[in-house]
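What follows is each chain in one-letter form.
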Amino acid sequence: MADPLFGFIGLGAMGEPMARNIAEKGHAMIVHDIAGTADRAPEGAEIAQSNGEIARRAKVIALSLPTVDANRAVIEEIVEAGHTGSVIVDTCTIGPEAAAENARVLEAVGIAYIDSPVSGMKSGAEAGTLASMMSGSDSAIERARPLIEGYSRVLYRVGTMPGQGQRMKVVNNALFIAGLVMTSEALSYGEKGGLDLDTMLEVVNASSGQNFSTAQLFPAYVATGKYDDAGAAARIIEKDLGLFVKGSQSDDTVNETIEAAYERLMSFAESGPDRDMAWMYPYIRDEIK
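Our subject in this report is the structure included herewith. Because the structure is predicted, anything quoted here is derived from the model rather than measured.

Let's talk about the overall build of the protein
1) Next: Per the secondary structure count, the protein includes twelve helices and nine strands.
2) Next: Computed over its C-alpha atoms, the radius of gyration of the protein comes to 20 Å, within 12% of the 19 Å expected for a compact globule of 289 residues.
3) Next: Of all 289 residues assigned to the protein, the portion counted as buried reaches 49%.
4) Next: Partitioning the intrachain contacts of the protein with sequence separation of at least 6 by distance along the chain shows that 64% fall at a separation of at least 24.
5) Next: Here the protein contributes 24 positive and 40 negative side-chain charges, whose respective centroids are spaced 2 Å apart.

This is how it looks when you write it as structure tokens:
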């Protein structure tokens, strides 16, 4: 039996390297990106003329899209053009409610849905070492596993209900993004008193204040001045943390500290929506008075 044709929709900062890693594992692929496919397509992959073509031809399809609205639009295309028995692997960060709605409309036409967001930033996508947080049926996950393993270092089954993968991702992102804000504020205080940034990072990373920002983001992109290379725009992380705040308010869980970080993040995003998230540090250090 021939290997299944995998589809991939969305070849942006995360999707392009994810699709490339799948293709490099030897899987047959067909890909499409509304912003232009040819220059972003993995070597050897077929270039689709539309998302609908992928929905018609591929058995397992991954989505990597930047916004909730873009995700919903593509899901609607798949509902129109897709076929019974196919599987959608949704790697986007869209929140539990959107994932549950995606599952509902797809399952109504016989298409399985795996809520499977990823974490690890652009560098993890490039290296094929992302963490996938999957929620879906046993049969759908088994069929999609070779595709998901193509870009993942670890696969976590966090539930069976659509939205549970999203909830896990929102929890993770709340910790990371709020931590980015707090790390920027703390290190700004240190620099104000004459401490060297590299020295502070070395000390913190050997001490109890270590977090993802101090261990990875700041050494790679802030201390080196490579602010544009971390791979996530301010508007994207604002959207991601907003999903936590909205969900927490809806579920009536405590959120005061993270909501305060979100307010700071909204100001940062308003000052430059397309600036990379690494610019958070000089923004707080230099612009917040």
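So that's the structure; there's more coming.
Comments concerning the packing of helix α8 (residues 197–205) against helix α9 (residues 212–222)
1) Next: Relative to each other, α8 and α9 sit at 160°, their axes nearing to 10 Å. Relative to α9, the element α8 lies roughly antiparallel. As for how α8 packs across α9, the hand of that crossing is left-handed. On α9, the residues touching Leu-197, Leu-201, Val-204 and Asn-205 of α8 are Thr-214, Ala-215, Phe-218, Pro-219 and Val-222.
2) Next: Among the residues making up the contact of α8 with α9, the classes are represented as seven nonpolar, two polar and no charged.

Considerations on helix α1 (residues 15–24)
1) Next: Burial of α1 is extensive: seven of the ten residues sit out of reach of the surface.
2) Next: Immediately beyond the C-terminal end of α1, within one or two residues, lies Gly-26, with a positive phi of roughly 95°.

Reading the values: rules and limits
Residues numbered from 1 in each chain as written. Predicted model: local features only at pLDDT ≥ 70, side-chain atom pairs only at ≥ 80, totals over all residues. Heavy atoms only, no water. Helix = DSSP H or I, 4+ residues; strand = E, 2+ residues; numbered from the N terminus. Rg over C-alpha atoms; globule rule 2.2 N^0.38 Å. Buried < 20%, exposed > 50% of the residue type's maximum accessible area, 1.4 Å probe, protein only. Contact = heavy atoms within 4.5 Å. Lys, Arg positive; Asp, Glu negative; His and termini not counted. Charge placed at Lys NZ, Arg CZ, Asp CG, Glu CD. Axes fitted to C-alpha atoms, helices over the stretch in contact; angles between N-to-C directions. Parallel < 35°, antiparallel > 145°, perpendicular 65-115°, else oblique. Left-handed = near helix turned anticlockwise from the far one by under 90°. Nonpolar A, V, L, I, M, F, W, Y, C, P; charged D, E, K, R; others polar.

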